[in-house]
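Spelled out, the chains give:
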Amino acid sequence: MIATTYQYNTNTNEEKIVKDSHTKEIDLINRDPKQINEDVVKVDFEDVIAEPDGTHSLDGVWKLSYTTFTVSKYWCYRILSAVFGIPVALLWGFLFACISFCHIWAVVPCIKSCLIESQCISRIYSLCIQTFCDPFFEALGKIFSSVRVALRKEV
(Lines give C-alpha, C1' and ligand atoms only; values in the text may rest on other atoms or scores of the structure.)
Protein backbone atom coordinates (compact mmCIF):
# COMPACT_ATOMS: atom_id res chain seq x y z
CA MET A 1 0.00 0.00 0.00
CA ILE A 2 1.35 3.41 -0.94
CA ALA A 3 0.80 6.11 1.65
CA THR A 4 -0.53 9.30 0.14
CA THR A 5 -0.73 12.77 1.57
CA TYR A 6 -2.56 15.72 0.19
CA GLN A 7 -1.07 19.19 0.00
CA TYR A 8 -3.20 22.25 -0.66
CA ASN A 9 -1.62 25.13 -2.55
CA THR A 10 -3.30 28.35 -1.42
CA ASN A 11 -1.88 30.39 -4.34
CA THR A 12 -3.52 28.31 -7.07
CA ASN A 13 -6.31 26.69 -5.01
CA GLU A 14 -5.16 23.26 -6.16
CA GLU A 15 -4.74 20.05 -4.23
CA LYS A 16 -1.63 18.02 -4.98
CA ILE A 17 -1.20 14.30 -4.20
CA VAL A 18 2.22 13.32 -2.84
CA LYS A 19 3.14 9.61 -2.64
CA ASP A 20 5.50 8.35 0.03
CA SER A 21 8.22 6.23 -1.60
CA HIS A 22 9.26 4.54 1.66
CA THR A 23 5.99 2.65 2.00
CA LYS A 24 5.55 1.50 -1.58
CA GLU A 25 3.88 -1.80 -2.24
CA ILE A 26 6.15 -4.69 -3.20
CA ASP A 27 5.33 -7.44 -5.66
CA LEU A 28 5.35 -10.82 -3.93
CA ILE A 29 4.99 -12.72 -7.21
CA ASN A 30 7.72 -11.17 -9.40
CA ARG A 31 10.55 -10.61 -6.94
CA ASP A 32 13.19 -9.86 -9.58
CA PRO A 33 11.41 -7.39 -11.91
CA LYS A 34 14.68 -6.07 -13.35
CA GLN A 35 16.12 -9.59 -13.86
CA ILE A 36 19.37 -8.79 -12.05
CA ASN A 37 19.79 -12.43 -10.96
CA GLU A 38 18.46 -14.05 -14.12
CA ASP A 39 21.64 -15.87 -15.15
CA VAL A 40 23.52 -15.96 -11.88
CA VAL A 41 21.59 -18.09 -9.39
CA LYS A 42 19.06 -19.84 -11.58
CA VAL A 43 20.47 -23.36 -11.10
CA ASP A 44 18.32 -26.45 -11.56
CA PHE A 45 19.12 -30.13 -11.05
CA GLU A 46 19.80 -30.59 -14.77
CA ASP A 47 22.34 -27.75 -14.72
CA VAL A 48 24.42 -29.46 -12.04
CA ILE A 49 23.91 -33.21 -12.33
CA ALA A 50 23.60 -34.98 -15.67
CA GLU A 51 24.10 -38.58 -16.70
CA PRO A 52 25.24 -39.11 -20.28
CA ASP A 53 23.91 -41.93 -22.44
CA GLY A 54 25.27 -45.27 -21.40
CA THR A 55 25.84 -44.18 -17.78
CA HIS A 56 22.48 -44.16 -16.04
CA SER A 57 21.68 -44.89 -12.44
CA LEU A 58 18.51 -46.67 -11.39
CA ASP A 59 15.34 -44.74 -12.18
CA GLY A 60 14.35 -44.65 -8.52
CA VAL A 61 17.74 -43.28 -7.51
CA TRP A 62 17.55 -40.63 -10.24
CA LYS A 63 14.06 -39.51 -9.16
CA LEU A 64 15.01 -39.51 -5.47
CA SER A 65 18.21 -37.57 -6.24
CA TYR A 66 16.18 -34.99 -8.19
CA THR A 67 13.67 -34.63 -5.35
CA THR A 68 16.42 -34.44 -2.70
CA PHE A 69 18.36 -31.78 -4.64
CA THR A 70 15.29 -29.66 -5.36
CA VAL A 71 13.76 -29.84 -1.88
CA SER A 72 17.06 -29.34 -0.05
CA LYS A 73 17.94 -26.33 -2.23
CA TYR A 74 14.46 -24.86 -1.66
CA TRP A 75 14.41 -25.32 2.13
CA CYS A 76 18.07 -24.44 2.65
CA TYR A 77 17.51 -21.15 0.84
CA ARG A 78 14.35 -20.49 2.85
CA ILE A 79 16.04 -21.22 6.19
CA LEU A 80 19.14 -19.16 5.31
CA SER A 81 17.02 -16.24 4.14
CA ALA A 82 14.86 -16.48 7.29
CA VAL A 83 17.90 -16.49 9.58
CA PHE A 84 20.25 -14.14 7.73
CA GLY A 85 17.95 -12.21 5.38
CA ILE A 86 17.01 -9.39 7.75
CA PRO A 87 20.52 -8.86 9.19
CA VAL A 88 22.07 -8.92 5.71
CA ALA A 89 19.35 -6.56 4.42
CA LEU A 90 20.16 -4.26 7.35
CA LEU A 91 23.86 -4.46 6.49
CA TRP A 92 23.27 -3.70 2.78
CA GLY A 93 20.84 -0.91 3.65
CA PHE A 94 23.45 0.61 5.97
CA LEU A 95 26.20 0.20 3.35
CA PHE A 96 24.18 1.82 0.55
CA ALA A 97 23.07 4.58 2.92
CA CYS A 98 26.76 5.28 3.71
CA ILE A 99 27.65 5.23 0.01
CA SER A 100 24.76 7.61 -0.75
CA PHE A 101 25.76 9.88 2.12
CA CYS A 102 29.38 10.03 0.95
CA HIS A 103 28.33 10.61 -2.64
CA ILE A 104 25.83 13.36 -1.76
CA TRP A 105 27.84 15.14 0.93
CA ALA A 106 31.45 14.58 -0.21
CA VAL A 107 31.98 13.32 -3.77
CA VAL A 108 29.62 15.61 -5.69
CA PRO A 109 30.61 18.78 -3.76
CA CYS A 110 34.30 17.90 -4.26
CA ILE A 111 33.77 17.43 -7.99
CA LYS A 112 31.82 20.69 -8.22
CA SER A 113 34.57 22.49 -6.29
CA CYS A 114 37.23 21.09 -8.63
CA LEU A 115 35.18 22.15 -11.65
CA ILE A 116 34.80 25.68 -10.28
CA GLU A 117 38.53 25.91 -9.52
CA SER A 118 39.50 24.48 -12.89
CA GLN A 119 37.27 27.04 -14.64
CA CYS A 120 39.09 29.81 -12.81
CA ILE A 121 42.50 28.31 -13.66
CA SER A 122 41.48 27.74 -17.29
CA ARG A 123 40.50 31.41 -17.63
CA ILE A 124 43.86 32.52 -16.25
CA TYR A 125 45.64 30.04 -18.55
CA SER A 126 43.61 31.27 -21.53
CA LEU A 127 44.49 34.89 -20.75
CA CYS A 128 48.21 34.01 -20.50
CA ILE A 129 48.10 32.18 -23.84
CA GLN A 130 46.24 35.03 -25.52
CA THR A 131 48.58 37.64 -24.02
CA PHE A 132 51.96 36.02 -24.58
CA CYS A 133 51.77 33.12 -27.01
CA ASP A 134 49.23 34.36 -29.57
CA PRO A 135 51.25 37.48 -30.56
CA PHE A 136 54.45 35.45 -30.73
CA PHE A 137 52.97 32.79 -33.02
CA GLU A 138 51.17 35.39 -35.14
CA ALA A 139 54.52 37.15 -35.68
CA LEU A 140 56.17 33.83 -36.59
CA GLY A 141 53.30 33.12 -38.96
CA LYS A 142 53.78 36.48 -40.69
CA ILE A 143 57.53 35.95 -40.93
CA PHE A 144 57.23 32.54 -42.51
CA SER A 145 54.17 33.32 -44.62
CA SER A 146 56.34 34.76 -47.39
CA VAL A 147 58.61 31.71 -47.55
CA ARG A 148 58.11 29.75 -50.74
CA VAL A 149 59.41 26.27 -51.17
CA ALA A 150 60.05 24.84 -54.57
CA LEU A 151 61.04 21.24 -55.14
CA ARG A 152 63.05 20.31 -58.21
CA LYS A 153 64.11 16.96 -59.28
CA GLU A 154 67.52 16.86 -60.86
CA VAL A 155 68.59 13.87 -62.83
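Residues numbered from 1 in each chain as written. Predicted model: local features only at pLDDT ≥ 70, side-chain atom pairs only at ≥ 80, totals over all residues. Heavy atoms only, no water.

Focus: the environment of V43
Reasoning step 1: Within the secondary structure, V43 is located in the loop between β2 (14–19) and α1 (45–48).
Reasoning step 2: On the basis of relative accessibility, which here comes to 31%, the residue V43 falls in the partly exposed class.
Reasoning step 3: For the pair V43 and K73, spaced 30 residues apart in sequence, the C-alpha to C-alpha distance is 9.7 Å.
Reasoning step 4: Among residues more than four places away in sequence, those in contact with V43 are V48 and K73. (Helix = DSSP H or I, 4+ residues; strand = E, 2+ residues; numbered from the N terminus. Buried < 20%, exposed > 50% of the residue type's maximum accessible area, 1.4 Å probe, protein only. Contact = heavy atoms within 4.5 Å.)

Quick word on a nonpolar patch on the surface
Reasoning step 1: Taken together, the side chains of V71, Y74, W75, I79, L80, V83, F84, V88, W92, L95, F96 and I99 present a nonpolar region at the surface, about 1,200 Å² in accessible area.
Reasoning step 2: Tracing the backbone through its elements, the reader meets W92 in helix α2 (residues 59–144). (Patch = residues over 30% accessible without salt bridge, like charges linked within 9 Å, V, L, I, M, F, W, Y side chains within 5 Å. Areas by Shrake-Rupley, 256 points an atom, 1.4 Å probe, with all protein chains shown as cover. Salt bridge = Lys/Arg side-chain N within 4 Å of Asp/Glu carboxyl O.)

A closer look at the UniProt feature "transmembrane region" (unreviewed entry) in the protein chain
Reasoning step 1: Mapped onto the present numbering, the UniProt feature "transmembrane region" (unreviewed entry) falls on residues 79–106.
Reasoning step 2: The span residues 79–106 shows a helical share of 100% and a strand share of 0%, and its end C-alpha atoms are spaced 39 Å apart. (UniProt positions renumbered as here; feature names shortened; annotations may be inferred.)

Comments concerning unusual backbone geometry
Reasoning step 1: At Q35, a position not held by glycine, the phi torsion is positive, near 50 degrees.
Reasoning step 2: One can find Q35 in the loop between β2 and α1.
Reasoning step 3: Take Q35: its relative accessible area is 44%, and that puts it in the partly exposed class.

Concerning α2
Reasoning step 1: With 86 residues, α2 extends only 93 Å from end C-alpha to end C-alpha; this falls clearly short of the ideal 128 Å at 1.5 Å per step.
Reasoning step 2: A maximum bend of about 50 degrees is found in α2 at F84, where proline P87 lies one to four positions downstream. (Expected span 1.5 Å × (residues − 1). Bend = angle between axes of the 7 residues up to and from the residue.)

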